Amino acid sequence: MLEQAHRIRDALHADPVIGEVLAALDPAHSQQPHFWDDGAGRPCRCLPDVVTTEGRLFDLKKTRSAVPRRFYWQAKDLAYDLQLAHLALGHEDRHGTAPAEVGVIAFEWEEPFDCCLLVMDEQDLAIGRERREEAFRRIAACQASGIWRSEEHTSELQS
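Residues numbered from 1 in each chain as written. Predicted model: local features only at pLDDT ≥ 70, side-chain atom pairs only at ≥ 80, totals over all residues. Heavy atoms only, no water.

Thoughts on the overall build of the chain
Tallying secondary structure elements over the chain gives six helices and six strands in all. Counting only C-alpha atoms, the chain reaches 50 × 40 × 30 Å along its principal axes. Going through the 159 residues of the chain one by one, you find that 38% of them count as buried. Once local pairs closer than 6 in sequence are excluded, the contacts in the chain between residues at least 24 apart make up 64%. In the structure as shown, the chain presents an accessible area of about 9,700 Å², 54% of it carried by carbon and sulfur atoms. Positive and negative side-chain charges of the chain, numbering 18 and 28 respectively, have mean locations separated by a distance of 3 Å. (Helix = DSSP H or I, 4+ residues; strand = E, 2+ residues; numbered from the N terminus. Buried < 20%, exposed > 50% of the residue type's maximum accessible area, 1.4 Å probe, protein only. Contact = heavy atoms within 4.5 Å. Areas by Shrake-Rupley, 256 points an atom, 1.4 Å probe, with all protein chains shown as cover. Lys, Arg positive; Asp, Glu negative; His and termini not counted. Charge placed at Lys NZ, Arg CZ, Asp CG, Glu CD.)

Details of helix α5 (residues 122-145)
The first and last C-alpha atoms of α5 sit 35 Å apart over 24 residues, in line with the 34 Å expected at 1.5 Å per residue. Burial in α5 covers these residues: D124, L125, G128, R132 and C142. Lining the buried residues of α5 we find β2 (43-46), α3 (68-77), α4 (80-95), β5 (101-108) and β6 (115-120). Between the side-chain oxygen at the start of α5 and the backbone nitrogen of Q123 there is a gap of 3.1 Å, and the oxygen is on D121. G146 sits one or two positions beyond α5 and adopts a positive phi of about 75°. (Expected span 1.5 Å × (residues − 1). Polar contact = N/O pair within 3.5 Å; in protein donor to acceptor, adjacent residues only side chain to side chain.)

Quick notes on the pairing of strand β4 (residues 56-63)
With respect to burial, β4 is a largely interior element, six of its eight residues being buried. In the sheet, strand β3 (residues 50-51) pairs with β4 via two bridges, with the strands oriented antiparallel. In the sheet register, V50 faces β4, and the bridge partner there is F58. Linkage of β3 to β4, two consecutive antiparallel strands, is achieved through a turn of four residues, within which G55 is found at a positive phi near 85°. Pairing analysis gives eight bridges linking β4 to β5, with the strands arranged parallel. If you follow L57 over to β5, its bridge partner there is V102. (Pairing = 2+ DSSP bridges.)

A closer look at the sheet that holds β6
Here we have four strands laid out as an open sheet, ordered β3-β4-β5-β6, and mixed in their pairing. Whereas interior strands pair on both sides, the edge strands pair on one side only; in this sheet they are β3 and β6. Docked against the sheet, helix α1 (residues 2-14) engages β5 and β6, running at close to 130° with respect to β5. (Axes fitted to C-alpha atoms, helices over the stretch in contact; angles between N-to-C directions.)

It is worth stressing that arrangement in space is one thing and function is another; only the former is reported here.
So, in structure tokens, the structure goes:
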């Protein structure tokens, strides 16, 4: 597994676009947790995978297909836009400015270790922020009622 991880790392660095991003990695902020209270006063935390010296922000994701068009829709289905919007808010709190660019570095775990860089535009991030707020509303409703969807489904199964 370690050998495979090294080969993936090498493939990412060899990619002309992703290699450029990784060459500008800021180790002081990449993989460093950040805690803050958001605009609504909610405690938040984030752990960005890749922050560059130019203020670009990327998350690393393993995928079955790094074909950009296919991966974009998978990213939307898996709410990566929500996650990236949250990471961007944390970045803005930490640095006092929004990230210059936000996206995902996707890589395949199997040879030939294809990879792609997916940059989210402002519309993607706006949708992600909306999805983030909806997630917070759901959490608040569960906290208020004491009923969590997984508990509802568990009790239905037990009946």
